[in-house]
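In case you want the letters, here they are:
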Amino acid sequence: MNGNDFTNYISELDTPQVEDYEFFTQNQTSGFSFEIHRKYAEDSKLYHYKCYGELKSIPPETVSDVYNDLEYRKKWDSYCNELYVTSETKEEQVIYWRVAYPWPLSHRDYVFSRRSKILEESAEAPKTWCVIGKNSEERVVDEVKGVVRVNQYEQTMTFRANEAGSGTKVFLYYFDNPGGALPTWLINWAAKTGVPSFMNNLQKACEEYTKK
């Protein structure tokens, strides 16, 4: 992970890079609107996803607080079983995350690194946040019997105030290979429903956060 990663992801807010992606779906509610593009990966038989949209009435400062607050995530994300920082430096957090899958599927867990960058407001663009999460090679948490360790994962979120100044413009990149004996059609279906569900839950969590 390097500085170019941040630059590339931040640029997607203004210039979406979807030439080798196909349009997948779009959603619009009173709280958010977005469209999703996807790219098929031959090696994993799964899709990489890019999501572009807006949280219409949530300021980016609130989005940052909610997205980075691990304790609060455990309250609004019903699939989040465990979530905590295992180690931390000025540049990076290493995080353990266990996700509850519906019965009879085994739960999944992740060890991933998270790096953040904030570009202060300039003549070219308003203040911009970028949070990159990728699976980590560090074995800081032992694997648990009956829980499948996920070794291919990335979720990156970049955001800033929208043009109206009333909400947040968002770019989300997502890839997750949950492993185990799951058919690829089921994994792809879960991603199709999971990304919109995540955005919907994030928007609601932000609304509740402002009431705290």
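Notes on the structure follow.

Parameters at a glance
Residues numbered from 1 in each chain as written. Predicted model: local features only at pLDDT ≥ 70, side-chain atom pairs only at ≥ 80, totals over all residues. Heavy atoms only, no water. Helix = DSSP H or I, 4+ residues; strand = E, 2+ residues; numbered from the N terminus. Rg over C-alpha atoms; globule rule 2.2 N^0.38 Å. Phe/Tyr/Trp six-rings, centres within 6.5 Å; stacked < 30°, edge-to-face > 60°. Buried < 20%, exposed > 50% of the residue type's maximum accessible area, 1.4 Å probe, protein only. Lys NZ or Arg CZ within 6 Å of the ring centre and 35° of its normal. Contact = heavy atoms within 4.5 Å. Core = buried A, V, L, I, M, F, W, Y, C linked by side-chain atoms within 4.5 Å. Salt bridge = Lys/Arg side-chain N within 4 Å of Asp/Glu carboxyl O.

### Quick word on the overall build of the protein chain
A count of helical and extended segments in the protein chain gives four helices and 10 strands. When its helices and strands are written in sequence order, the protein chain yields α-β-β-β-α-α-β-β-β-β-β-β-β-α. For the protein chain, the C-alpha radius of gyration of 17 Å lies close to 17 Å, the compact-globule estimate for 212 residues. Counting only C-alpha atoms, the protein chain reaches 50 × 35 × 35 Å along its principal axes.

### Overview of the packing of aromatic side chains
Enumeration over the complete set of coordinates arrives at 17 aromatic pairs. A ring pair is formed by Phe24 and Tyr49, whose centres lie 5.8 Å apart and whose planes are at 50 degrees; its orientation type is tilted. Separated by 25 residues along the polypeptide, Phe24 in strand E1 (residues 22–28) and Tyr49 in strand E3 (residues 46–55) bring together distant segments of the chain. For the residue pair Phe24 and Tyr49, the accessibility class agrees, reading buried in each case. A cation over an aromatic ring shows up here: Arg38 above the ring of Tyr47, its NZ or CZ 3.9 Å from the ring centre. Its guanidinium or amino end placed over the ring of Tyr101, Arg108 lies 4.9 Å from that ring's centre, counting from NZ or CZ.

### Remarks on the side chain of Ser64
Inspection of the secondary structure puts Ser64 in helix H2 (residues 60–68). Those residues in contact with Ser64 that sit more than four places away from it in its chain are Trp129 and Phe159.

### Things to note about the nonpolar core
For soluble globular proteins, nonpolar side chains are generally found buried alongside one another. Counting 54 residues, the largest nonpolar core has Leu55, Val66, Trp97, Tyr110, Met157, Met199 and Leu202 as the members making the most contacts within it. For this core, the leading source of residues is helix H4 (residues 184–209), giving nine residues. Once you skip the residues sitting within four places of it in the chain, Trp97 turns out to touch Arg73, Cys80, Glu82, Leu83, Arg108, Asp109, Tyr110, Phe112 and Tyr153.

### Side note on the environment of Glu143
Structurally, Glu143 is set in the loop between strand E7 (128–135) and strand E8 (148–149). The spatial distance from the C-alpha of Glu143 to the C-alpha of Asp109 is 8.4 Å, given a sequence separation of 34 residues.

### A few points about the pattern of salt bridges
Counted according to the given criterion, the structure contains 10 salt bridges. Between Asp20 and Lys39 there is a salt bridge; the shortest N-O distance is 3.4 Å. One end of the pair, Asp20, is in the loop between helix H1 (3–11) and E1; the other, Lys39, is in strand E2 (residues 32–41), and 19 residues separate them in sequence. Assessed through its relative accessible area of 49%, Asp20 is described here as partly exposed. Under the relative-accessibility criterion, Lys39 is labelled partly exposed at 28%. Between Asp77 and Arg73 there is a salt bridge, and its shortest N-O distance comes to 2.8 Å. Summarising the burial analysis for this pair, Asp77 and Arg73 share the class buried.

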